[in-house]
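Report on the structure
These are the residues of each chain, in order.
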Amino acid sequence: MRVVTFGFQTWGHRTLEAVLDAGHEVSLAVTHPVSNNPYEQMWNDSVEQLATDRGVPVFLAKRPDAGLLEAVTEAQPDIIVANNWRTWLPKSIYSLPRLGTLNIHDSLLPKYAGFSPLIWALINGETHVGVTAHLMDEGLDTGPIIAQESIAVGPSDRTVDLFHRTVDLIGPLVARSLRELEAGTAVAVPQDPAAATYFHKRSDDDSRIDWTWPADAIERLIRAQSDPYPNAHTVFRGERIAITAASVSAKRYGGTPGRVCVPDGDGIAVVAGPDAWRGGNPAVIVERVRTADGAEHPAAKILGDSGAYLG
């Protein structure tokens with residue numbers, strides 16, 4: 001088939017690579033210009049470079065406009081395949097090919113439509129994450145599903161671990177979906193709106209620890225925001241510190257959420273959870289912290305059993 005790809009960073013790179021390796025003709029690769037956005041520097045395999053190396057014409061665009069529509073029209077695709085395209089696509093583009101547009105999203109839709117699905121899923125304690133191929137419609141990540149692949153989430157997994165394992169699902173998922181769409185054997189399964197969840201873009205405030213959360217949720221937030229992502233953070237005696245390693249206590253602790261308590265195991269117990277004053281909650285055992293100068297320390301060195309409050 002003749003394919004136009006829309007994609008950016010490693011997700012878009014893996015998708016273009018999969019389409020080419022499956023033997024399809026890529027008549028145009030659309031991608032975003034490189035920027036200085038820190039998130040866009042993390043997983044930044046270049047779609048433009050891969051396309052150039054493989055002899056595929058490239059169109060750089062920040063958002064859809066008349067020039068992009070003209071370029072896609074001239075490429076005469078049978079299908080568009082999109083992955084990590086950062087702006088809304090109008091119907092004039094996504095419905096242009098005879099088979100429409102196949103979008104690749106890194107969650108198990110209909111859950112976790114929107115942004116940063118792996119981070120949100122890890123915070124929420126999901127047992128599985130994955131990748132979905134679906135046909136694009138007027139909604140965001142709402143179109144009928146063609147195929148899904150999933151992986152299990154382990155008890156010590158970080159978002160970076162889940163990224164590497166889910167990105168490896170992209171190639172086989174794209175190849176399978178295109179094969180079935182070309183053969184006319186694909187089954188498009190409508191998404192259940194009642195099961196759908198949508199998550200917004202994460203900001204710095206979303207990484208700030210709320211000590212009224214249960215200890216296990218805070219521990220997952222810390223793993224979800226592990227390097228290279230911006231770390232989960234709190235304030236200690238007026239200074240921002242990042243927490244890079246933590247666990248959940250076996251003991252129960254009472255008091256005020258955020259209170260630095262006593263040494264416990266490999267770290268310092270910090271009171272956490274709703275109704276903490278009742279004394280029925282596990283604490284967060286803060287094991288390692290990173291100070292504003294970028295240095296990482298054992299938590300006991302910085303927090304000690306100070307009796308301070310984190311916030």
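Just so it is clear, the model here is predicted, and its values are computed rather than measured.

**Let's talk about the side chain of Asp78**
On the secondary structure map, Asp78 appears in the loop between α4 (66–75) and β4 (79–83). Contacts of Asp78, omitting those with residues within four sequence positions, involve Met1, Arg2, Pro97, Arg98, Leu99 and Gly100.

**What about the sheet that holds strand β7 (residues 128–135)?**
Spatially, the 7 strands line up as an open sheet ordered β3-β2-β1-β4-β5-β7-β8, and their pairing is mixed. Strands with a single pairing partner mark the edges of an open sheet, and in this sheet they are β3 (58–60) and β8 (145–152). In this sheet, adjacent strand axes meet at a mean angle of 15° when their direction is disregarded. Bridge analysis of strand β1 (residues 2–7) against β4 gives 5 bridges, and the strand direction is parallel. Within β4, the residue paired with Phe6 across the bridge is Ala82. Contacts from helix α1 (residues 9–21) reach β1, β2 (25–31) and β4 within the one sheet, and its direction differs from that of β4 by about 145°. Contacting β1, β2, β3 and β4, α4 runs over the sheet at an angle of about 170° to β2.

**Examining unusual backbone geometry**
A cis geometry characterises the amide bond from Leu109 onward to Pro110, with omega recorded as 15°. By the secondary structure assignment, Pro110 is in the loop between β5 (101–105) and β6 (113–114). With an omega dihedral of 5°, the bond running from Asp227 to Pro228 counts as a cis peptide bond. Looking at where Pro228 falls in the secondary structure, it is placed in the loop between α9 (215–224) and β10 (233–236). Its identity is not glycine, yet Gln76 carries a phi of approximately 50°, on the positive side. Topologically, Gln76 is positioned in the loop between α4 and β4.

**Looking at the nonpolar core**
Core analysis: the largest hydrophobic core is formed by 69 residues, its most contacted members being Leu102, Trp211 and Val286. No other element matches helix α6 (residues 117–123), which puts 6 residues into this core. Each residue touching Val286, except ones within four places of it in the same chain, is listed here: Trp211, Ile243, Ala245, Ala246, Gly267, Ile268, Val270, Ala299 and Leu303. Counting residues in each nonpolar core, the second largest holds 16 residues, with Phe6, Ile80, Ile93 and Tyr94 among its members.

**A few points about the environment of Ala121**
For Ala121, the location among the structural elements is in helix α6. Sequence separation of Ala121 and Asp293 is 172 residues, and the distance between their C-alpha atoms is 30 Å.

**Overview of α4**
All buried positions along α4 are accounted for by Leu68, Ala71, Val72 and Ala75. Buried residues of α4, seen end-on, are gathered within an arc of 95° and therefore sit on one face of the element. Among the exposed residues of α4, those pointing more than 90 degrees away from its buried face are Ala66 and Glu74. Here the buried face of α4 lies against β1, β2, β3, β4 and α5 (91–94).

**Let's talk about the UniProt feature "domain: Formyl transferase C-terminal" (unreviewed entry) in the protein**
Per the UniProt record, "domain: Formyl transferase C-terminal" (unreviewed entry) is found at residues 204–301. Helix and strand shares over residues 204–301 are 13% and 42% respectively, and the end C-alpha atoms of the span are 26 Å apart.

Rules behind the numbers
Residues numbered from 1 in each chain as written. Predicted model: local features only at pLDDT ≥ 70, side-chain atom pairs only at ≥ 80, totals over all residues. Heavy atoms only, no water. Helix = DSSP H or I, 4+ residues; strand = E, 2+ residues; numbered from the N terminus. Contact = heavy atoms within 4.5 Å. Pairing = 2+ DSSP bridges. Axes fitted to C-alpha atoms, helices over the stretch in contact; angles between N-to-C directions. Core = buried A, V, L, I, M, F, W, Y, C linked by side-chain atoms within 4.5 Å. Buried < 20%, exposed > 50% of the residue type's maximum accessible area, 1.4 Å probe, protein only. Arc of directions from axis to C-beta. UniProt positions renumbered as here; feature names shortened; annotations may be inferred.

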